[in-house]
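Breakdown of the fold
Here is how the chains run, residue by residue.
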Amino acid sequence: MTNGNELDFLLNPTVEQLLRALASRVDVHFFIEAIFIIVILYLLFQKTSKRKGSQEKLSASEVDALCEEWQPEPLVSEDMENSVVKRKEHILSAQSGSTVTIDGVEAVNFASFDFLNFLGEDSIKKDCERTIRKYGVGSCGPRGFYGTIDVHLELEKELANFMGTEAGIIYSYDVSTVSSVIPAFLKRGDLVVRDEAVNYAVLSGLDLSRAYVKEFRHNDVADLERILEIVAEADRKQPPKVLNRRFIVVEGLYQNTGMVCPLPQVVALANKFKFRVLLEESMSFGTLGATGRGCCEHHLMKSTDVTLICGSMSTALATVGGFSVSDKAITSHQRLSSTGYCFSASLPPFNATAAISALRIMKQTPQRCEALRKNAATMHALLNDMTLHMDKTAEDSLWLMGDEVSPVKHIHLKTGKGNRHADEATLQQICDKVLSEAKCALVIADYSHLHKNAPKPSIRITVCAGHTTAQMEACVSAIARAAANVFDAHAS
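All values reported here derive from a predicted model rather than from experimental measurement. (Residues numbered from 1 in each chain as written. Predicted model: local features only at pLDDT ≥ 70, side-chain atom pairs only at ≥ 80, totals over all residues. Heavy atoms only, no water.)

1. Some thoughts on the overall build of the protein
- Across its full length, the protein holds 19 helices and 15 strands.
- Scaling as 2.2 N^0.38, a compact globule of 492 residues should have a C-alpha radius of gyration of about 23 Å, whereas the protein reaches 32 Å, well beyond that.
- Dimensions of the protein, computed from C-alpha atoms along their principal axes, come out at roughly 120 × 60 × 55 Å.
- Relative to its full complement of 492 residues, the protein shows a buried share of 44%.
- Residue pairs in contact within the protein that sit at least 24 positions apart in sequence constitute 70% of those at least 6 positions apart.
- Of the roughly 26,700 Å² of accessible surface on the protein, 57% is carried by carbon and sulfur atoms.
- Counting 52 positive and 59 negative side-chain charges, the protein places the averaged centre of each group 5 Å from the other. (Helix = DSSP H or I, 4+ residues; strand = E, 2+ residues; numbered from the N terminus. Rg over C-alpha atoms; globule rule 2.2 N^0.38 Å. Buried < 20%, exposed > 50% of the residue type's maximum accessible area, 1.4 Å probe, protein only. Contact = heavy atoms within 4.5 Å. Areas by Shrake-Rupley, 256 points an atom, 1.4 Å probe, with all protein chains shown as cover. Lys, Arg positive; Asp, Glu negative; His and termini not counted. Charge placed at Lys NZ, Arg CZ, Asp CG, Glu CD.)

Quick look at the structure:
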C-alpha cells in the first residue's frame, strides 16, 4: 500500500527529488548514448558549415588557372617505367617451320610456343581460308548471343574426344580461360592449395575467386601433404559448419620453371584428403605423352583422374583461345557461370577451324610429338653440358632449370647482381649477341608487375619438333660465347 510521502513525490515532486531519481537510474548506457548524440550533432554542424563554404564560386580566371596547373597522374609510374629493361623492337616479317625472319634476316626460332610447327602448315591455312570465305573473320557476339558457329561445337567435341572426357568448352582468349574457370567454381570461404610456381593466369583466377589460398613448395609432394594434414587436423578439432569446395591447383608442365608435375602423387593425396584437382595444361598439351594428350598421358593416367583440365590453344595448336574439358555437369556450369565464356565475343570461326585441323594432324602423325621429345632431350643435354663447362673464374655463370622431357628450358644467372633490373639487362645482352652473331632468336621470360613473387629473371628457350641437332648445337655454342663475352665485359 502506497504511503503519503510516495504519493506526494509522484504527484508534486521537488527538483531535488527529481535529480536523485535521475542519478539512481544513470548507468553506462546513459553515457554511451550521450556521447553518440554529441558526435551526431558535431557531424551535422560540420556538414552544414562545409556546405556553406562550398557555395563560394570561383571566378573564370581562377578556374582557368587551376585547369592549366592540373597534371594527370601517369598511367605508368616513373619507377615502373625505369624497372623495365629497354629492348630493341624487332620486326617479324615471315615464319616458316623452325625459322623466323627478324628485321629482314632469317633466324632459328627458339622463342615460340609453336611446339609442333603447325603455324606454317599449308593444310591448316587452306582450311582456314575456306572458313573465312564461308563465315567471314568474326563471330559477332558471345557464345550465348548469336556467337555460336558450328565449328565451335565441332571443336569442343573434338577436344573432348581427344582428351577422353565427356565434354569440352572453348574460350576466345587463353589467359582468360583458367582465370574464368576458377571463379566459376570457387568463392569466398572455399579452400585452394596451389603450387608456388603456377603461372599468372592461375594467380589471377584465384584472386578473383576470393577463396582462401595456401601454397606449397614447387613440386614438393611432402610439403603438399603437410598442408593437407594441417587442414584435416583443423577439421577434426572443429568440424566446419558448412561444407566448402576444396581444390589442389597445379600445372602439367610449369611455364615458369619447365618442370613436370608429379601428378600421380598429387592425385593420390587429393583422393586421400577429399580434394578436387584442377590441372592447367597450357604447356603440357601437345608436348607430353606419347600422342600429346598432356600430363595425364605422360604419367599413364586417365584424364578423368583429375576433376578439371584447362589449357591454351595458342601453344601446340598454334591458334588462338583456350579450352576446358571435364564431365558434362562441370562443362555445362561454365556456360552459365564463367565470365570469359559468357561476356566475351566468341572465337573467330577460322581460329576454331585451325585448332580442329591441328588436332586431326596430331592424331594422324604422332611422330611429331616423338620428334619434339627427342629434341627436348637433346637440347637439355647440350645446355646441361654447357653450364657444367663454363669458366668457373668468370664474374658469373649460368645454370639450367627444366626437366629433360620438357620443351621449355630456363637459363638463369648463377649469382646475379641481386637486382632484377640489372640481371634482366645482363640476360638481354646475351640474347642480343646470340641473335646478331648466330642468328638464333631467344627471349627473356616476361612477368607482369602484378605477378606476386615473380620467378628470377631467365632466358626462356623453347624447342620445337622441327629443330635440327645442328641448329640446337649452334644455339648452345652461341649462348656460351655470348655469356663469356658479357661476363668479361662486366668484370673489366
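There is more to say after this.
2. Remarks on the packing of aromatic side chains
- In total, this model carries four aromatic pairs according to the counting rule given.
- Ring centres of Phe113 and Phe115 lie 5.8 Å apart, and the angle between their planes is 40°; this geometry places the pair in the tilted category.
- Relative to Phe285, the ring of Phe162 lies with its centre 5.9 Å away and its plane at 75°, an arrangement referred to as edge-to-face. With a gap of 123 residues between them, Phe162 in helix α8 (residues 150–163) and Phe285 in the loop between β8 (276–280) and α13 (295–298) connect regions that are remote in the sequence. Side by side, Phe162 and Phe285 carry an identical accessibility label, which is buried. (Phe/Tyr/Trp six-rings, centres within 6.5 Å; stacked < 30°, edge-to-face > 60°.)

3. Examining the pattern of salt bridges
- A full pass over the atoms with the stated rule returns 18 salt bridges.
- Arg130 is the partner of Asp127 in a salt bridge, and the nearest nitrogen-oxygen pair spans 2.1 Å. Of this pair, Asp127 and Arg130 both sit in helix α6 (residues 122–135), separated by three residues, roughly a single helical turn.
- Under the relative-accessibility criterion, Asp127 is labelled partly exposed at 22%.
- Classification of Arg130 as exposed rests on a relative accessible area of 52%.
- Note that Glu233 is salt-bridged to Arg236, the shortest N-O span being 2.7 Å. Highlighted residues: Glu233 and Arg236, both in helix α11 (residues 221–237), separated by three residues, approximately one helical turn.
- Residue classification places Glu233 among the partly exposed residues on the basis of a relative accessible area of 32%.
- Salt bridges here are not isolated pairs; linked through shared partners, they connect Glu154, Glu158, Arg360 and Lys363. (Salt bridge = Lys/Arg side-chain N within 4 Å of Asp/Glu carboxyl O.)

4. Here's the deal with the pairing of strand β12 (residues 408–413)
- Most of β12 sits out of view: six of its six residues are buried.
- The alternating pattern of β12 places Val408, His410 and His412 and Lys409, Ile411 and Leu413 on opposite faces, both of which are buried.
- Pairing of strand β11 (residues 398–401) with β12 involves four bridges; the strand directions are antiparallel. By the bridge assignment, Leu400 is partnered in β12 with Ile411.
- Adjacent in sequence and paired antiparallel, β11 and β12 are bridged by six residues, among which Gly402 carries a positive phi angle near 140°.
- Of the pairings in the sheet, the one linking β12 to strand β15 (residues 459–462) comprises four bridges and is antiparallel in character. Paired with Ile411 across the strands is Ile459, a residue of β15. (Pairing = 2+ DSSP bridges.)

5. Some points on the sheet that holds strand β2 (residues 99–102)
- Across the sheet, which stays open at both edges, the four strands sit in the order β1-β2-β3-β13 with mixed pairing between neighbours. What marks the edges here is a single partner per strand, and that holds for β1 (92–96) and β13 (440–441).
- Relative to β13, strand β3 (residues 105–109) is paired through two bridges, and the arrangement is parallel. From the neighbouring strand, Asn109 faces β13, where its bridge partner is Ala441.

6. Describing the state of the cysteines
- In this structure the tally under the stated criterion is zero disulfides.
- No disulfide involves Cys475; its sulfur sits 4.5 Å from that of Cys440, the nearest cysteine.
- Taking relative accessible area as the criterion, Cys475 reaches 0% and is therefore assigned buried. (Disulfide = S-S within 2.5 Å.)

7. As for the nonpolar core
- Leu155, Leu159, Val250, Leu263, Phe275 and Met313 are the most contacted members of the largest nonpolar core, which has 87 residues in total.
- Sorting elements by how many residues they give to this core places helix α16 (residues 349–364) first, with eight residues.
- Among all residues touching Val250, those that are not within four sequence positions of it are Phe216, Cys261, Leu263, Val266, Val277, Leu278, Leu279 and Glu280. (Core = buried A, V, L, I, M, F, W, Y, C linked by side-chain atoms within 4.5 Å.)

8. Examining the sheet that holds strand β10 (residues 322–326)
- On the basis of which strands lie adjacent, the open sheet formed by seven strands has the order β4-β10-β9-β8-β7-β5-β6 and mixed pairing. Each of the sheet's edge strands pairs with one partner strand only, and the pair in question is β4 (167–171) and β6 (212–216). Averaged over neighbouring strand pairs, the angle between their axes works out to 20° when direction is ignored.
- As paired elements, strand β5 (residues 191–195) and strand β7 (residues 246–251) share four bridges and run parallel to each other. (Axes fitted to C-alpha atoms, helices over the stretch in contact; angles between N-to-C directions.)

9. Re a nonpolar patch on the surface
- Together, Ile32, Phe36, Ile37, Ile40, Leu41, Leu44 and Phe45 give the surface a local cluster of nonpolar side chains, amounting to about 730 Å² of exposed area.
- With respect to the helices and strands, Ile32 occurs in helix α3 (residues 28–54).
- Residue Ile32 is classed as partly exposed on the basis of its relative accessible area of 40%. (Patch = residues over 30% accessible without salt bridge, like charges linked within 9 Å, V, L, I, M, F, W, Y side chains within 5 Å.)

10. A closer look at the side chain of Asn109
- The topology assignment puts Asn109 in strand β3.
- Within the structure, Asn109 has its side chain in polar contact with the backbone nitrogen of Ala111 (distance 3.0 Å).
- At 3.4 Å, the side chain of Asn109 forms a polar contact with the backbone nitrogen of Ser112.
- Aside from chain neighbours lying at most four places away, what touches Asn109 is Ser98, Thr99, Val100, Ala441, Thr462 and His467. (Polar contact = N/O pair within 3.5 Å; in protein donor to acceptor, adjacent residues only side chain to side chain.)

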